[in-house]
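Below, each chain spelled out in residue letters.
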Amino acid sequence: LVELKLQHRTICEGLESEHWWVLSNDFYHLFPELPPQHFATVAAVACIKRFGTSISEASCYLRTESVETSLQNVTLQTKVWKTLKMVSIGSDGCFRTHQSSNTRILETPSPFLVSSKPRGPPPGF
């Protein structure tokens, strides 16, 4: 399942204005009898800055985030990947880029394999 959103916003202050467009995609796994499980987001953002009728800067951003969960022995391991890429050009022709990414790994004991109580006979025995 993919959920798609398109948003636009204009911010004006005197002769200066910013026009923002955001296109985001959220991705979900579908499993029978379970709610949809979110696993990734991709967002593309465009911004045009104006002074009067002239464009002073144009920027594009691409942001991604994904999550993967797996069971490793008795540990539930969740990996989160994030990336950001940006390209911008100013009215003076100055071209700028930026790129970053990171990965985090979160580990928690699996609730299905680790019990806080000792197991006993089923009720009624």
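Residues numbered from 1 in each chain as written. Predicted model: local features only at pLDDT ≥ 70, side-chain atom pairs only at ≥ 80, totals over all residues. Heavy atoms only, no water.

1. Considering a nonpolar patch on the surface
Spelled out, the test is: Patch membership needs two things, relative accessible area over 30% and no salt bridge, and members are linked within 9 Å if like-charged or within 5 Å if nonpolar (Val, Leu, Ile, Met, Phe, Trp, Tyr). Per-residue and other accessible areas were derived by the Shrake-Rupley procedure at a 1.4 Å probe size, with only the shown protein chains allowed to occlude residues. Any Lys or Arg side-chain nitrogen found within 4 Å of a carboxyl oxygen on Asp or Glu counts as a salt bridge. Where helices and strands are cited, they refer to DSSP runs of H or I of at least four residues and of E of at least two residues respectively, numbered from the N terminus.
Where nonpolar side chains cluster on the molecular surface, the patch consists of Leu4, Leu6 and Leu23 and spans about 310 Å² of accessible area. The topology assignment puts Leu6 in strand 1 (residues 2–13).

2. Describing the pairing of strand 5 (residues 75–90)
The criterion, for reference: Note on pairing: DSSP must find at least two bridges between two strands before they are called paired.
Relative to strand 5, strand 4 (residues 54–72) is paired through 16 bridges, and the arrangement is antiparallel. Residue pairing in the sheet places Tyr61 in a bridge with Met86 of strand 5. Counted between consecutive antiparallel strands, the loop separating strand 4 from strand 5 contains two residues, among which Asn73 sits at a positive phi close to 55°. Where strand 5 folds back on strand 6 (residues 95–109), the antiparallel hairpin that results is connected by four residues, among which Gly93 adopts a positive phi of roughly 90°.

3. Brief notes about unusual backbone geometry
Spelled out, the test is: Partly exposed describes any residue whose relative accessible area lies between the buried limit of under 20% and the exposed limit of over 50%, with all areas from a 1.4 Å probe on protein chains only and scaled to the type maximum.
The phi torsion at Glu33 lies on the positive side, around 65°, for a residue other than glycine. Turning to its location among the elements, Glu33 is positioned in the loop between strand 2 (16–29) and strand 3 (37–51). The class of Glu33 is exposed, set by a relative accessible area of 85%.

4. Let's talk about the pattern of salt bridges
Charged atoms that come close allow side chains of opposite charge to pair. Counted under the stated rule, the structure contains two salt bridges. The residue Glu57 makes a salt bridge to Lys49 at a minimum N-O spacing of 3.8 Å. For Glu57, a relative accessible area of 18% puts it in the buried group. Two residues, Arg96 and Glu57, come together in a salt bridge whose shortest N-O distance is 2.8 Å. Of this pair, Arg96 sits in strand 6 while Glu57 sits in strand 4; the two residues are 39 residues apart in sequence, bridging distant segments of the chain. Judged by relative accessible area, which is 35%, Arg96 ranks as partly exposed. Overlapping salt bridges bring together Lys49, Glu57 and Arg96 as one network.

5. Describing the sheet that holds strand 1
Strands belonging to one sheet form pairs held by backbone hydrogen bonds; the direction of such a pair is parallel or antiparallel. Rules: Angles here are taken between N-to-C directions and fall from 0 to 180 degrees, while the axes themselves are lines fitted to C-alpha atoms, restricted in helices to the stretch in contact.
Taken together, six strands build an open sheet; the order of strands is 1-2-3-4-5-6 and the sheet is antiparallel. Both edges of this open sheet fall to strand 1 and strand 6, since each of them pairs with a single strand only. Recorded for the sheet is a direction-independent mean angle of 10° between the axes of neighbouring strands. As defined by bridge partners, strand 2 adjoins strand 3 across 14 bridges and the pair is classed as antiparallel. From the neighbouring strand, Val22 faces strand 3, where its bridge partner is Val45.

6. Focus on the pairing of strand 6
Examined bridge by bridge, strand 5 and strand 6 share 15 bridges and lie antiparallel to one another. Considered in strand 6, the bridge of Lys79 is made with Ile105.

The values are spatial; any link to function lies outside them.
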